[in-house]
Amino acid sequence: MDDLKAKYLTQIADAGDEAALEAIRLAAVGKKGEVSLKMRELGKMSPEERQVAGPALNALKDEINSALSAKKSALADKALDERLRSEWLDVTLPSRPARHGTLHPVNQVTEEVTAIFAEMGFSVAEGPRVETDWHNFDALNIPGHHPARAEMDTFYMHRAPGDTRPAHVLRTHTSPVQIRSMEAQGAPLRIICPGGVYRADYDQTHTPMFHQVEGLAIDTDISMANLKWVLEEFVKAFFEVDDVELRFRASHFPFTEPSAEVDIRCSWEGGTLKVGEGDDWLEILGSGMVHPKVLQAGGIDPDRYQGFAFGMGIDRIAMLKYGIPDLRAFFDSDLRWLRHYGFASLDVPTLHGGLSR
Ligand code: PHE
């Protein structure tokens, strides 16, 4: 028994890791371990022999077990010390620029647009992306049979047969936020509404989800001239040029009367876009004077108030300003693309500090 004790206590003291310790435990006091086998022999002994050997074997077993657990916690302490020594971190080091996340161009441009219009007294309004078809169409003077519903490639929300709740769509434009803002705030009103919109369309310049910003100004003395001035100020500030020429083309939207699409003078010389010079025109938005029926739908008296509205593609003006050729890449979540076209997240665009440094 003394030999067994000496043998196992030495082995335990020499064990290098937990696996070695477990092997020793099995060999000594496991079910088929040496000490356990000796204990089985007690049955064959005379009562006198058993009285001596029994307690001695039990004591041996206890001693080995407590040596095992002492060694186990010593090994764990040692491993922890090792980790504390190797896994340290200097929290006073500056962070690595490459590890910073970047702002997506859509967010950057939304911030830029917001900064410019905020300076002109517009506040930001938002509405739901899942919209009632009343807000998205009817209230905007687009009744059920109107061809504009088909043109917009609308995504309709599924309805169970017999469901009598109002029909919902994924909003096809930000114009329903005009109605929601009129309902919530009344007149006068001066807001922009940036956000995601949906149409079933997919090619180099169309994705099923994209972004618009709506503008709406309502008061007792608003005219088309105000619209023109606001848009000119916006385009100059956004494209960071001193002068721009806008072209208002007569157009048609059910929710504005008169309606105009707005182009800006530009050149594509050498394959790059320059705003404010050249012989080309580029369409950037739709606009007009809010239709009296739309004011009425929003609960505003059209005999007393009138206003202008416009809707612009955020992704589109982002592509133009930053020379991004394919819209689909905006929504691929490709890290290399995001690092290339992304913006420093801490440079908040302001008119005085610079929009796009
Ligand atoms: N909602 C229109 C569109 O998505 C844009 C628009 C908004 C036109 C406001 C006029 C006034 O095409």
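Residues numbered from 1 in each chain as written. Predicted model: local features only at pLDDT ≥ 70, side-chain atom pairs only at ≥ 80, totals over all residues. Heavy atoms only, no water.

J.: When you look at the overall build of the protein chain in this model, what are you seeing that I'm missing?
T.: A count of helices and strands for the protein chain gives twelve helices and twelve strands. Against the compact-globule benchmark of 21 Å for 357 residues, the protein chain has a radius of gyration of 38 Å, which places it well outside the compact range. Considering only C-alpha atoms, the protein chain reaches an extent of 120 × 55 × 35 Å along its principal axes. Long-range contacts, defined here as pairs at least 24 residues apart, represent 65% of the contacts in the protein chain between residues at least 6 apart. Surface exposure of the protein chain reaches about 20,000 Å², of which carbon and sulfur atoms provide 52%. (Helix = DSSP H or I, 4+ residues; strand = E, 2+ residues; numbered from the N terminus. Rg over C-alpha atoms; globule rule 2.2 N^0.38 Å. Contact = heavy atoms within 4.5 Å. Areas by Shrake-Rupley, 256 points an atom, 1.4 Å probe, with all protein chains shown as cover.)

J.: Even after reading the chapter, I still don't get unusual backbone geometry, so can you show me in this structure?
T.: Trans peptide bonds make up most of the peptide bonds, and negative phi angles are found at most residues other than glycine. Cis geometry marks the peptide bond from Ala187 to Pro188; its omega dihedral reads -5°. Among the secondary structure elements, Pro188 is positioned in the loop between helix H8 (176-185) and strand S5 (189-198). Note that the residue after Glu257, namely Pro258, is joined by a cis bond; omega there is -5°. Checked against the element boundaries, Pro258 lands in strand S8 (residues 256-267). At Asn141, a position not held by glycine, the phi torsion is positive, near 65°. For Asn141, the location among the structural elements is in the loop between helix H6 (133-136) and helix H7 (147-151). Backbone geometry at Glu240 places phi at a positive 55°, although glycine is not the residue there.

J.: Explain the pairing of strand S10 (residues 280-290) to me, please; I cannot follow it from the model alone.
T.: Within a regular strand, side chains alternate between the sheet's two faces. With eight of eleven residues buried, S10 lies mostly within the body of the structure. As paired strands, S10 and strand S11 (residues 306-313) are joined by five bridges and run antiparallel to one another. Residue Gly288 lies in a different strand from S11, and its bridge partner there is Ala309. (Buried < 20%, exposed > 50% of the residue type's maximum accessible area, 1.4 Å probe, protein only. Pairing = 2+ DSSP bridges.)

J.: Would you explain the site of the ligand in this entry?
T.: In the region of the ligand, 14 residues are neighbours, and His173, Ser175, Arg199, Gln212 and Gly311 sit closest. At a separation of 3.0 Å, a nitrogen atom of the ligand approaches a polar side-chain atom of His173. Burial of the ligand by the protein amounts to 91% of the accessible area it has alone, namely 320 Å². For the shell around the ligand, the secondary-structure elements that each account for two or more residues are strand S6 (209-219), S10 and S11. Here the shell around the ligand takes three residues from S11, the largest share from any one element. In the shell around the ligand, the residues fall into four nonpolar, eight polar and two charged. (Near = heavy atom within 4 Å. Polar contact = N/O pair within 3.5 Å; in protein donor to acceptor, adjacent residues only side chain to side chain. Nonpolar A, V, L, I, M, F, W, Y, C, P; charged D, E, K, R; others polar.)

J.: Whenever I open this one, helix H4 (residues 47-86) confuses me. Can you help?
T.: An α-helical turn contains 3.6 residues, so a residue and the one three or four places further along point in the same direction. Taking 1.5 Å of rise per residue, 40 residues should cover 58 Å, and H4 covers 58 Å from first to last C-alpha, within 8% of that figure. Tucked inside the fold, the buried residues of H4 contact helix H1 (2-14), helix H2 (18-29) and helix H3 (34-40). (Expected span 1.5 Å × (residues − 1).)

J.: Which parts of the structure should I look at to understand the domain arrangement of the protein chain?
T.: Put simply, an interface is often sized by how much accessible area is lost when its parts join up. What the domain assignment lists for the protein chain is domain 1 (2-86) and domain 2 (105-344). Each of domain 1 and domain 2 was reduced to a C-alpha centroid, and the two centroids are 79 Å apart. (Domains from an automatic or database assignment.)

J.: Help me understand the packing of H1 against H4, please; the structure alone is not making it clear to me.
T.: If you want to describe how two helices pack, look at the angle between their axes and the distance between the axes. Axis separation between H1 and H4 bottoms out at 10 Å; the angle between their running directions is 5°. It follows that H1 is roughly parallel to H4 by the angle criterion. Contacts between H1 and H4 involve Leu4, Lys5, Tyr8, Leu9, Ile12 and Ala13 on the former and, on the latter, Leu60, Glu63, Ile64, Ala67, Leu68 and Lys71. (Axes fitted to C-alpha atoms, helices over the stretch in contact; angles between N-to-C directions. Parallel < 35°, antiparallel > 145°, perpendicular 65-115°, else oblique.)

J.: Looking at this structure, I do not really get the nonpolar core. What am I missing?
T.: Across soluble globular proteins, nonpolar side chains have a tendency to be buried as a group. Formed by 45 residues in total, the largest nonpolar core has its most connected members in Val113, Phe117, Phe234 and Phe308. Among the elements of the structure, helix H5 (105-119), S6, helix H9 (224-239), S8, S10, S11, helix H11 (314-322) and helix H12 (335-341) are those that each provide at least two residues to this core. If you tally residues by element for this core, the top one is H9, at seven residues. In terms of nonpolar packing, the next biggest core, distinct from the first, is built from 23 residues, Met182, Ile191, Cys193 and Ala309 among them. (Core = buried A, V, L, I, M, F, W, Y, C linked by side-chain atoms within 4.5 Å.)

J.: How do you make sense of the side chain of Thr132 when you look at a structure like this?
T.: Along the chain, Thr132 turns up in strand S3 (residues 130-132). Separated by 2.7 Å, the side chains of Thr132 and His135 make a polar contact. Beyond its immediate chain neighbours, meaning those up to four positions away, Thr132 contacts Ala167, His168 and Arg180.

J.: Teacher, can you tell me more about the packing of H9 against H11 here?
T.: Interaxial distance between H9 and H11 falls to 11 Å at its minimum, and their mutual angle equals 50°. Classified by the interaxial angle, the pair formed by H9 and H11 is oblique. On the side of H9, the interface is formed by Phe234, Phe238 and Phe239, while H11 contributes Ile317, Leu320 and Lys321.

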